[in-house]
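What follows is each chain in one-letter form.
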Amino acid sequence: MSENKTANSAASVAAASSIPLGEVLASAETRHGAVDFIEIDEMLTLRRMIVRAPAPKGTVLFLHGFPETLTVWKHIASTLARDYDVHAFDWPGYGRSSRPILQRFSYAPQAYAAVLKAYIERAGIDRSNLVIYATDIAALPVLLLALDEPAIARRIIVGDFAPFDRPQYMWESLQNLKAEPTASPTRAYMNKTSDEILQNVHRRGLSPAEQFDLPTDVQRDMVRSWSLDGMTSADAFAHYYASFTRDQNVLEANLERLKTPVKQIWGEKDVYIRKEMGIELAAKIGAKIDILPGIGHFPHLQYPEHTVEEIRASFR
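Residues numbered from 1 in each chain as written. Predicted model: local features only at pLDDT ≥ 70, side-chain atom pairs only at ≥ 80, totals over all residues. Heavy atoms only, no water.

1. Topic: the overall build of the protein
This is how it is decided: Put simply, DSSP marks the helices as runs of H or I at least four residues long and the strands as runs of E at least two long, and each gets a number from the N terminus on. For every residue, the accessible area obtained with a 1.4 Å probe (protein chains only) is divided by the maximum for its type, and the residue is called buried under 20%, exposed over 50%, and partly exposed between those limits. Working rule for contacts: check all heavy atoms of both residues, and any pair within 4.5 Å makes them a contact. Accessibility throughout is a Shrake-Rupley quantity obtained with a 1.4 Å probe, and a residue counts as covered only by protein chains that appear here.
Helix and strand counts for the protein stand at 14 helices and 11 strands. Taking all 316 residues of the protein together, 59% fall into the buried category. Once local pairs closer than 6 in sequence are excluded, the contacts in the protein between residues at least 24 apart make up 76%. If you sum the accessible surface of the protein, you get close to 12700 Å²; carbon and sulfur atoms cover 50% of it.

Structure representation (structure tokens):
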């Protein structure tokens with residue numbers, strides 16, 4: 001995207017979100033790389049981060065989960081950028097990306113898969129030398145895309161998500177989001193308790209000795225971007241879950257079409273999506289799964305060194 005196009009996109013997002021343009025672009029050039037905006041279509045503009053390597057050996061695309069934003073990848077990206085170009089973006093409904101009304105965008109996993117495909121195309125990324133690392137809500141869209149686009153990447157790394165409709169492996173509130181009559185009150189409760197979610201979502205299931213704090217910039221960005229354009233991240237999450245069972249079933253019914261190499265990373269202490277979910281997927285597709293002892297739902301935050309090493313191993 002040209003500098004003028006980037007500025008125009010940023011200006012339109014700032015106007016739509018009532019965010020001062022200076023605030024949106026204040027960190028556009030940081031030691032972590034360039035943060036700008038890219039138009040996917042007339043309805044969607046994504047905030048993204050790109051960190052360029054001096055002589056890239058390939059490209060890494062990081063995809064965040066709930067309730068994260070692209071900022072969770074900044075420090076990992078700065079490490080990997082010694083050897084690889086690194087991309088990350090905010091999903092629609094998160095961070096500073098667009099939040100269309102539900103009548104215009106479904107927020108379903110299949111809709112996110114289409115956004116991912118469009119981003120790779122518009123960013124001009126070489127698929128043959130691309131590794132995609134997707135966690136939580138990002139993982140199902142990547143695998144759905146790979147069903148139809150087996151050459152979407154040289155390798156996909158996924159983890160801590162629900163590929164199949166197995167509510168028994170899920171945190172109770174996630175089970176409740178899958179259908180009415182429990183979905184609407186769960187969504188309302190998540191919005192009411194947003195402060196608690198943002199403070200503690202990454203700590204649940206961990207002992208006091210294993211718990212960790214988020215970097216200040218990550219915490220601040222998640223808090224400040226929770227609610228924009230009349231929609232919260234919990235709203236987007238609930239919309240995703242409204243189509244979740246349908247899209248889980250699509251993946252399970254078509255696993256024989258999944259030809260892209262897949263690796264799984266799972267936290268042993270993930271209380272949101274239990275490791276048995278990942279073990280079942282690994283058995284069905286013949287993929288390797290690493291279950292990390294003492295790690296919860298956010299391996300990339302709790303154990304970023306492993307994430308870095310896993311990416312490097314994918315290019316060997």
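2. With respect to the nonpolar core
Rules: Buried residues of nine kinds, namely Ala, Val, Leu, Ile, Met, Phe, Trp, Tyr and Cys, make up a nonpolar core once their side-chain atoms join them within 4.5 Å.
Core analysis: the largest hydrophobic core is formed by 100 residues, its most contacted members being Phe 62, Leu 63 and Trp 91. Other than its neighbours up to four places away in sequence, Phe 62 contacts Trp 73, Ile 76, Leu 80, Val 86, His 87, Ala 88, Phe 89, Tyr 133, Thr 307 and Ile 311.

3. A closer look at the packing of aromatic side chains
Describing an aromatic ring pair means giving the distance of the ring centres and the angle of the ring planes. Counted only if it meets this: Planes of paired rings set the category: under 30 degrees apart is stacked, over 60 is edge-to-face and the rest tilted, where pairs are Phe, Tyr or Trp rings (Trp by its six-membered ring) whose centres lie within 6.5 Å.
Applying the stated criterion across every chain, the model contains 19 aromatic pairs. Plain terms: the ring middles of Trp 171 and Tyr 272 are 5.3 Å apart, the flat faces sit at 55 degrees to each other, and that makes the pair tilted. Placement of Trp 171 in the loop between β7 (155–159) and α6 (172–177) and of Tyr 272 in the loop between β10 (262–267) and α12 (275–285) is noted, with a sequence separation of 101 residues between them. Residue class for Trp 171 comes out partly exposed when judged on its relative accessible area of 32%. A relative accessible area of 8% means that Tyr 272 is categorised as buried. Where Phe 237 meets Tyr 241, the ring centres are 4.9 Å apart and the plane angle is 65 degrees; that geometry is what we call edge-to-face.

4. Focus: the pairing of strand β2 (residues 33–39)
For clarity, the threshold we go by: Any two strands with at least two DSSP-identified bridges between them are counted as paired.
Most of β2 is tucked away: 5 of the 7 residues are buried. In this structure, β2 lies alongside strand β3 (residues 45–51), joined through 6 bridges in antiparallel fashion. Looking across to β3, one finds that Phe 37 is bridged to Arg 47.

5. Examining the pairing of strand β5 (residues 85–89)
What counts is decided by this rule: Here, the term right-handed applies to a crossover whose path from the first strand over the helix to the second runs clockwise when the strands point away from the viewer.
Counting buried positions along β5 yields 5 of 5 residues, so the element is predominantly enclosed. Side-chain alternation along β5 places Asp 85, His 87 and Phe 89 on one buried face and Val 86 and Ala 88 on a second face that is also buried. Two elements, β3 and β5, share 4 bridges in a ladder whose sense is antiparallel. Note that in β5 the partner of Ile 50 across the bridge is His 87. Judged from the 5 bridges that link them, strand β4 (residues 59–63) and β5 form a sheet pairing that is parallel. Along β5, the bridge assignment pairs Phe 62 with Ala 88. One crossover worth recording links β4 to the parallel β5 by way of helix α3 (residues 74–80), and it is right-handed.

6. Focus on the side chain of Lys 178
Formally: N or O atoms closer than or at 3.5 Å make up a polar contact, with two conditions inside protein: a donor-capable atom paired with an acceptor-capable one, and, for residues adjacent in sequence, both atoms drawn from side chains.
Along the chain, Lys 178 turns up in the loop between α6 and α7 (183–192). Given the relative accessible area of 12%, Lys 178 is considered buried. For Lys 178, the side chain forms a polar contact with the side chain of Gln 248, separated by 2.7 Å. Residue contacts for Lys 178: discarding those within four places in its chain leaves Asp 165, Pro 167, Met 170, Tyr 241, Phe 244, Thr 245 and Gln 248.

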